[in-house]
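As a plain string of letters, each chain reads:
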Amino acid sequence: HPVRVGERIVLRHKPTNMPLVCQSEFRVPTTLGAEVEVAAHLVKLNSTFLTEVTQVGNFFSFIMAPPGSKYVPYNNTSQMSALDRVKAKFLSRGSGGFASLRRTFRIFDDNNDKVLNRREFKEGLELYGTPLSTLELDVVFKAFDDDGNGGITLTEFLSELRGPLATRRRDLVVEAFKLIDTDGSGVASMAELQQIYGANLHRHPQVMDGSKTPEEVMREFISSWDKNRDGSVTLAEFIEYYTEISASIDNDNYFELMIRNAWHISGGEGEAANTANRRVLVVYNDNRQEVVTIHKDLGVGTDIPSIRAALEKQGVTNIKRVEKAM
């Protein structure tokens, strides 16, 4: 039936006949103000699913534009340029690298709770000579607030400014992931992780006292990478974790050293050279002696047969004996 201007009506989702509800937390700026996402909901009441038609958020109405109004297509260029302006301002003042950006974050953080709320972010930008309109602030704040919880942490702040991993850093992270993704599927399963770390799990204090199982200890160990808590780690999750770590590290060589030592990736040059991998004294059949680095020693036992097998796997042959671990 005809609907009058300003009349309150209920809009229904045709396939389910459920009323639509405004999702006010999902706002997208437009020329007219904002677009608000709508959804259809069911509410369980006394074991019966009902639709909440009576809530204010379910009512809609049509309005008329003032006489002489003209439609102007929405263009978000100004909002995107606002983000670029903000980033340029921060980076120009952060020429000292991570330390300078962290100092900026602390200046903005009025209440010292290590999270920037919308007011602190807005007033901080004004202090730095970069005032934003309400719509611009919506876009910029959302860009920095990566998890959408209404606050910007230092990690989110740095990650947005630093951007994705540089190629050199990303290649190292991918190389590290391949060590735990033994079948090359792109997902490191619990079985693969236990194959690498399982030999030492029985020595964990909480496993020894019976308070936790080896699998529970392993799940805690991988929780930093396993974002969706499904007991496995994808390459994307692994890269996301190290992107956050990378944001606070200025020096590429230090980042490389950290990755090489943490994941026992041999190689590297100068200050980025690996110092964590085990080195053993090998005595060859001709009685020559050489200190050899085990290239991939994650999961390699401390017993001589395991060490010898690892050396042979990396191409060290004619071994008479492994004298001692260095």
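Conventions we followed
- Residues numbered from 1 in each chain as written.
- Predicted model: local features only at pLDDT ≥ 70, side-chain atom pairs only at ≥ 80, totals over all residues.
- Heavy atoms only, no water.
- Helix = DSSP H or I, 4+ residues; strand = E, 2+ residues; numbered from the N terminus.
- Contact = heavy atoms within 4.5 Å.
- Areas by Shrake-Rupley, 256 points an atom, 1.4 Å probe, with all protein chains shown as cover.
- Axes fitted to C-alpha atoms, helices over the stretch in contact; angles between N-to-C directions.
- Parallel < 35°, antiparallel > 145°, perpendicular 65-115°, else oblique.
- Nonpolar A, V, L, I, M, F, W, Y, C, P; charged D, E, K, R; others polar.
- Phe/Tyr/Trp six-rings, centres within 6.5 Å; stacked < 30°, edge-to-face > 60°.
- Buried < 20%, exposed > 50% of the residue type's maximum accessible area, 1.4 Å probe, protein only.
- Pairing = 2+ DSSP bridges.
- pLDDT = per-residue confidence, 0-100.
- Core = buried A, V, L, I, M, F, W, Y, C linked by side-chain atoms within 4.5 Å.

## Some words on the overall build of the chain
Part 1 of the argument: When its secondary structure is counted, the chain shows 12 helices and 14 strands.
Part 2 of the argument: Relative to all contacts within the chain whose residues are 6 or more apart in sequence, the contacts with residues 24 or more apart total 49%.
Part 3 of the argument: Working note: accessible area of the chain is about 19800 Å², and carbon and sulfur atoms make up 53% of it.

## Digging into unusual backbone geometry
Part 1 of the argument: Even without glycine at this site, N112 takes up a positive phi of about 60°.
Part 2 of the argument: Of note, N112 is situated in the loop between α2 (98–108) and β8 (115–116).
Part 3 of the argument: If you check the backbone angles, N287 has positive phi at about 75° while not being a glycine.

## A few points about the packing of helix α6 (residues 167–180) against helix α11 (residues 252–263)
Part 1 of the argument: Contact geometry for α6 and α11: axes closest at 10 Å, N-to-C directions at 5°. Taken as axis vectors, α6 and α11 run roughly parallel relative to one another. Touching R168, R169, L172, V173, A176, L179 and I180 of α6 are D252, N253, F255, E256, I259, R260 and W263, all from α11.
Part 2 of the argument: Here the residues of the contact of α6 with α11 sort into eight nonpolar, one polar and five charged.

## Description of the packing of aromatic side chains
Part 1 of the argument: The final tally for this structure, using the stated rule, is 16 aromatic pairs.
Part 2 of the argument: By the ring-pair criterion, three or more aromatic residues cluster together here, those being F90, F105, F108, F121, Y128, F141, F144 and F157.

## A short note on the pairing of strand β12 (residues 279–284)
Part 1 of the argument: The buried fraction of β12 is high, at five of six residues.
Part 2 of the argument: With five bridges joining them, β12 and strand β13 (residues 289–293) adopt antiparallel strand pairing. Each residue of the ladder has a partner; that of V282, found in β13, is E290.
Part 3 of the argument: Linking β12 to β13, which pair antiparallel, is a turn of four residues; within it N287 sits at a positive phi near 75°.

## Side note on the confidence of the model for the chain
Close inspection of predicted coordinates is inappropriate in any region flagged by low pLDDT.
Part 1 of the argument: The pLDDT averaged across the chain works out to 80; a share of 83% of its residues lies at or above 70.
Part 2 of the argument: Across the chain, element-level confidence peaks in β8 with a mean pLDDT of 95 and bottoms out in strand β6 (residues 48–50) with 43.
Part 3 of the argument: In the predicted structure, residues 43–54 sits below a pLDDT of 50 and forms 19 contacts with residues beyond four places in sequence or in another chain.

## Some points on the nonpolar core
For soluble globular proteins, the rule of thumb is that nonpolar side chains tend to be buried together.
Part 1 of the argument: Membership of the largest hydrophobic core comes to 25 residues, with the highest contact counts inside it found for V173, I180, V233, F238, I259 and W263.
Part 2 of the argument: Elements represented by at least two residues in this core include exactly α6, α7 (190–201), α9 (214–222), α10 (235–246) and α11.
Part 3 of the argument: For this core, the element with the most residues is α6, which contributes seven residues.
Part 4 of the argument: Residues within four places of I180 in sequence aside, it is in contact with A188, E192, L193, I196, F238 and W263.
Part 5 of the argument: Counting 22 residues, the second-largest nonpolar core is a separate cluster that includes L101, L137, F157 and A247.

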